[in-house]
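Structural characterization, general
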Amino acid sequence: MPGLQLQNISLSFGAREILSGVDTSLDLGCRTALCGENGSGKSTLMKIIAGITPADSGNIVKTSGFSVSYLPQNAVITSSLPLNKEAETAFDPIKKLVEEKDSLATAIASKKEGEAGLSKLLEQYAQVDDKIERSGYLLRAKKIQTVLTGLGFSDQDLNRPCRDFSLGWQMRIALARVLLEEADLLLLDEPTNFLDLEARYWLLDFVKNTASGVLLVSHDRYFLDQVSESVAELFMGRLKIYRGNYSFYEKQRETELATLVAQYKTVEERREQLEGFINRFRAQASKASLVQSRIKELEKLPVVERPPSVKHIHFPFAEEPKPGNDILRVTNLRHSYGGQDVFSNLEFTLARNERLVVVGINGAGKSTLLRILAGVQPASGGKVVYGEHVTPAFYSQDLAQTLDPAQTVFESMETMTPTALFPKLANMLGAFLFRGDDIKKKTSVLSGGEQSRLLLLRLLIKPGNLLILDEPTNHLDMASKEVLLDALMTFSGTIVFVSHDRAFIDPLADKVLEIRNAKARLFHGNYSYYRERIEKENADQNETMSGEAGIAKKHAIEPENDQETAHDAMKKKRALLRKYDREEEELCRKIDSAAAFKKELEERLALPEVYMDGEKMRELKEQIKKTESLEQKHVEDWEKVSQERHKLMSSNH
Ligand SMILES: Nc1ncnc2c1ncn2[C@@H]1O[C@H](COP(=O)(O)OP(=O)(O)OP(=O)(O)O)[C@@H](O)[C@H]1O
Ligand SMILES: [Mg+2]
């Protein structure tokens, strides 16, 4: 039965139509995933349903008494109330009912038996009482405790004022409130963003068991698949419903997209090859006809609309001075909040080109560690020493505060871009999926994913040689994540990062630092290797129960494990890319020197001692011909390598 109907909803921002005649109904108690690329209008649609943004046209029809509660994508709780009191405010509407019940009770008490109006009052009383009972109000203390603990809050947190929590934890407070409200429809805009795996699993369970209907945006595939009974996809302003879970939707979508993508890829690959050739050889008069024919072909290429989730990137990083082999040395590092250690005795080193992922549950201190490594927060004890010529760059969601809301996307990049990269700025914005008029948008109106992409690009345009990234994939859709991953794969510096996204961690990380129970352990392997180790440890622990034997066995596991993994494949890919880069460079050098030699020979043709001597003339012409075909061969080889490189870049990891 439909609880809520959207009838012909449309909305445009300027010339861009975000929603164009959206028509659908959300059934009572049904869990729907709302999908679509970054910027497709998901948050906008949620705001319309929540009654926060008016649509340009169309209607929203609800059954009577139907309630909606909404978690915005970037919720901030500025309340000065302590956490447990703030959580209680979720029950404010029920408190009103309790007051109503009390006044009904007083009214009933003042009536004599059989007096007119008494039976009506008794009936009202029963109704209100039933509503209160069903709302779970009487068990609210228990409910509050379950939800807050499930979302990772500790007992000590309960009395802390909400505004003292970090942004990520404020999101969790907002989420707790929404879950406690138990409205008929929960609108959850990326609730998984600030949750670690443990809290995600808890939320998953909650959402699966709630009687409320749920409309959910998330970029976490696993979560979506588990939760969704149907999928609503926003694409080019239209909402299409797929009745089935997320995997079903993906399969359907895959078939629909396959044709579109194949067409797009063929055209785009050819376009890039042609542009590469034209840019490389435009200045050489000897290649004029080759260049001209390619320009003609380029002009004739059809324009194919870019389908979603097609990656499109070649990110040219700025050259940084190369640091030595030692990047970072951490000795005896300790940090505590309010006398409680988040970690202590932390020791590790990072060598050039290493990619370290920091993992651990909520509150384990991952973000704290990254801020300390980046030098934006002092540690309680110990040392972090950078190697020579190490230039760090730090990314966290807090960087959003550095955006000037009055600036456009382009203006906000202009101020960050080193002069040498200026000519490439438009390309780089394109690589980060800002196309056409996107760059004229004010930063204040960007969607969650667009804002993250801009912040990342602002950082990566001058990345230093040590990147420190705190949850860089938050808000990013699949395509943007691939863009970021590809950019980072070609980055030649060192990376330390925190992420909860396996699809991102697996190919990138080659070392894992785990923070657990205020202790840190370093694993010399990728994330799959780390998971295997942990699972084995857990199994061993269960087998031997507790005690010395278990501990001894735990430490006996050696980190050697040499299987072919996604990570190894990635490493090979990186090595191959570097090889292609070297070959391309070498071939360009050869082409240039052949061209220079040919020019020199041609100049010699004009010398009297040559043109007077038929034999010399013939020899020289022969030599020119040979040089020309050598140059031609190098050009062909260059084209081949350039195509191979391109193929490799667009291959799956
Ligand atoms: N006030 C506005 N003026 C102009 N454009 C806007 C305005 N508000 C939003 N937009 C644009 O509308 C588009 C849809 O935004 P919305 O936030 O709904 O996207 P989304 O699907 O939630 O994306 P994400 O996955 O990144 O959160 C974006 O391209 C955004 O830049
Ligand atoms: Mg959004």
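Cut-offs used in this document
- Per chain, residue numbering runs from 1 following the sequence as it is written.
- The naming scheme follows written order: chains are lettered A onward, ligands numbered 1 onward.
- For a predicted model such as this one, the threshold for reporting local features is a pLDDT of at least 70, and the threshold for listing and counting side-chain atom pairs is 80 or more; totals across whole chains, interfaces and linings nevertheless cover every residue.
- The basis for every side-chain value is the complete set of heavy atoms in the structure, and neither hydrogens nor water enter the calculation.
- Residue ranges assigned to the domains are those given by an automatic or database domain assignment.
- Contacts were defined at the residue level, with two residues in contact if any of their heavy atoms lie within 4.5 Å.
- Simply put, the buried area is the total loss of 1.4 Å probe accessible area from both parts when two parts are fitted together.
- Basic side-chain nitrogens of Lys or Arg form a salt bridge, by our definition, when they fall within 4 Å of a carboxyl oxygen of Asp or Glu.
- Polar contact criterion, stated in full: a pair of N or O atoms within 3.5 Å, where within protein one must be able to donate a hydrogen and the other to accept it, and residues adjacent in sequence count only if both atoms are side-chain atoms.
- A helix here means a DSSP run of H or I that spans at least four residues, while a strand means a run of E at least two residues long, and both kinds are numbered starting from the N terminus.
- Excluding water, the donors of a metal are its N, O and S neighbours within 2.8 Å, or within 3.2 Å for Na, K and Ca, and that exclusion means sites may look incomplete.
- The classification of residues rests on relative accessible area computed with a 1.4 Å probe and restricted to protein chains. Under 20% of the type maximum is buried, over 50% is exposed, and intermediate values are partly exposed.
- In this description, strands pair whenever DSSP reports at least two bridges between them.
- Axis definition: a line fit to C-alpha positions, over the contact stretch in the case of helices; interaxial angles, taken between N-to-C directions, run 0 to 180 degrees.
- Whether a residue is near a molecule or strand depends on its heavy atoms: it is near if one of them lies within 4 Å of it.
- With residues, only the protein chains shown are counted as cover, and all accessible areas are computed by Shrake-Rupley using a 1.4 Å probe.
- Amino acids are sorted into nonpolar (Ala, Val, Leu, Ile, Met, Phe, Trp, Tyr, Cys and Pro), charged (Asp, Glu, Lys and Arg) and polar (every other residue, Gly among them).
- Each residue carries a pLDDT score, the predictor's own confidence in it, on a scale running from 0 to 100.
- By the definition used in this description, the sense in which the near helix is turned from the far one sets the handedness, with an anticlockwise turn below a right angle giving left-handed and a clockwise turn giving right-handed.
- The rule is short: rings of Phe, Tyr and Trp, with Trp giving its six-membered ring, pair when the centres are within 6.5 Å, and they are stacked under 30 degrees, edge-to-face over 60, tilted in between.
- Lysine NZ or arginine CZ positioned within 6 Å of the ring centre and within 35 degrees of the ring normal marks a charge as sitting over the ring.
- A helix's residues, less one, multiplied by 1.5 Å, set its expected span.
- In this context, the arc is that of the directions from the helix axis out to the C-beta atoms.
- The patches described consist of residues with a relative accessible area above 30% and no salt bridge, like charges being joined within 9 Å and nonpolar side chains (Val, Leu, Ile, Met, Phe, Trp, Tyr) within 5 Å.
- For this count, His and the chain ends are skipped, Lys and Arg are scored as positive, and Asp and Glu as negative.
- Throughout, a charge is located at the NZ atom of Lys, the CZ atom of Arg, the CG atom of Asp or the CD atom of Glu.

Before going further, it helps to spend a moment on the domain arrangement of the protein. The domains assigned to the protein are domain 1 (2-77 + 165-244), domain 2 (326-526) and domain 3 (570-653). For domain 2 versus domain 3, the distance between C-alpha centres works out to 41 Å. With seven residues of domain 2 in contact, the opposing surface of domain 3 contributes five residues. Between domain 2 and domain 3 lies a buried interface of about 680 Å² when both sides are counted; carbon and sulfur atoms form 61% of it. Taken as a group, Asp-486, Met-489 and Thr-490 account for 56% of the area that domain 2 buries against domain 3, more than any other trio of residues on that side. Joining domain 2 to domain 3, the criterion identifies zero salt bridges. Inspection of the region where domain 2 meets domain 3 yields zero residue pairs in polar contact (both at pLDDT 80 or more).

Within the secondary structure, Ala-569 sits in helix α19 (residues 566-605). Ala-569 sits 358 residues away from Ala-211 along the chain, and the two C-alpha atoms are 45 Å apart.

Further remarks concern the coordination of the magnesium ion (ligand 2). Within the protein, the atoms that donate to the magnesium ion (ligand 2) are Ser-43 (OG) and Gln-73 (OE1), at distances of 2.0 to 2.2 Å. Remark: Gln-73 occurs in the loop between β5 (68-71) and α2 (83-88) and Ser-43 occurs in helix α1 (residues 42-49); sequence separation between them is 30 residues. With a relative accessible area of 9%, Gln-73 lands in the buried category.

If you trace the six strands from one edge of the open sheet to the other, you get β14-β15-β16-β12-β17-β18, paired in mixed fashion. The sheet is open, and its two borders are formed by β14 (392-395) and β18 (519-523), each paired with just one other strand. Each strand axis lies, on average, 15° off the axis of its neighbour in the sheet, ignoring direction. Sheet analysis places β14 next to strand β15 (residues 466-470), joined by four bridges and oriented parallel. Along β15, the bridge assignment pairs Tyr-395 with Leu-469. Its contacts with the sheet place helix α11 (residues 366-374) against β12 (355-359), β14, β15, β16 (494-498) and β17 (511-516), and it is angled at close to 155° to β15.

Before going further, it helps to spend a moment on the pattern of salt bridges. Using the criterion set out here, one finds 35 salt bridges in the structure. For Arg-140, the salt bridge goes to Glu-88, with nearest N and O atoms at 3.4 Å. Remark: Glu-88 occurs in helix α2 and Arg-140 occurs in helix α5 (residues 140-150); sequence separation between them is 52 residues. Overall, Arg-140 belongs to the partly exposed group, its relative accessible area being 22%. For Glu-88, a relative accessible area of 23% puts it in the partly exposed group. Its salt-bridge partner being Lys-598, residue Glu-628 comes within 3.4 Å of it at the nearest N-O pair. Taken together, the positions of Glu-628 in helix α21 (residues 614-650) and Lys-598 in helix α19 put the pair 30 residues apart, joining distant regions of the chain. Overall, the relative accessible area of 38% leaves Glu-628 in the partly exposed class.

Let us look at the site of ligand 1. Ligand 1 sits among 21 residues. The nearest are Thr-44, Lys-441, Ser-447, Gly-449 and Glu-450. One of the side-chain nitrogen or oxygen atoms of Thr-44 is found 2.4 Å away from an oxygen atom of ligand 1. Within the backbone of Gly-448, a nitrogen or oxygen atom sits 3.4 Å from an oxygen atom of ligand 1. Contact with the protein chains removes 86% of the 650 Å² of surface that ligand 1 exposes when unbound. Listing elements by their share of the shell around ligand 1, those giving two or more residues are β2 (16-27), α1 and α14 (448-460). Its residues placed into classes, the shell around ligand 1 shows four nonpolar, eleven polar and six charged.

As a further point, take the confidence of the model for the protein. Residues of the protein with pLDDT of at least 70 account for 92%, and the chain-wide mean is 85. Mean pLDDT across the elements of the protein bottoms out in helix α18 (residues 548-556) (37) and peaks in α1 (96). Counting contacts from residues 545-564, a segment whose pLDDT is below 50, to residues more than four positions away or on other chains yields 19 contacts.

Angle between the axes and distance between the axes: these two values describe a pair of packed helices. Viewed as axis vectors pointing N to C, helix α9 (residues 246-281) and helix α10 (residues 288-300) meet at an angle of 145°, and their least axial separation amounts to 9 Å. The handedness of the crossing between α9 and α10 is left-handed. Between α9 and α10, the contacting residues are Arg-270, Arg-271, Leu-274, Glu-275, Phe-277, Ile-278 and Phe-281 on the first element and Leu-290, Val-291, Arg-294, Ile-295, Glu-297 and Leu-298 on the second. Here the residues of the contact of α9 with α10 are counted per class, giving eight nonpolar, no polar and five charged.

This structure, assessed with the given rule, holds twelve aromatic pairs. Plain terms: the ring middles of Phe-497 and Phe-504 are 5.7 Å apart, the flat faces sit at 90° to each other, and that makes the pair edge-to-face. Given a relative accessible area of 0%, Phe-497 falls into the buried group. Each member of the aromatic cluster is reached from another via a ring pair, and the members are Phe-153, Phe-165 and Trp-169. Positioned above the aromatic ring of Phe-165 is the side chain of Arg-160, whose terminal nitrogen or guanidinium carbon lies 4.3 Å from the ring centre. Looking at Arg-253, its charged tip hangs above the ring of Phe-235, at a distance of 5.1 Å from the centre.

Non-glycine residue Asn-8 carries a positive phi angle of around 50°. Within the fold, Asn-8 resides in strand β1 (residues 2-13). One non-glycine residue, Leu-433, lies in the positive phi region at around 65°. By the secondary structure assignment, Leu-433 is in the loop between α13 (425-431) and α14.

What follows deals with α10. End to end, α10 covers 19 Å across 13 residues, agreeing with the expected 18 Å (1.5 Å per residue, within 8%). Buried residues of α10: Val-291, Arg-294 and Leu-298, and no others. Viewed along the axis of α10, the buried residues span an arc of 65°, placing them on a single side of the element. For α10, exposure combined with an orientation more than 90 degrees from the buried face picks out Ser-289, Lys-296, Glu-299 and Lys-300.

Glancing now at a positive patch on the surface. On the surface, a cluster of positive charge is made up of Lys-322, Arg-352, Arg-578 and Arg-582. Positionally, Arg-578 belongs in helix α19. Among the residues examined, Arg-578 registers a relative accessible area of 47% and is labelled partly exposed.

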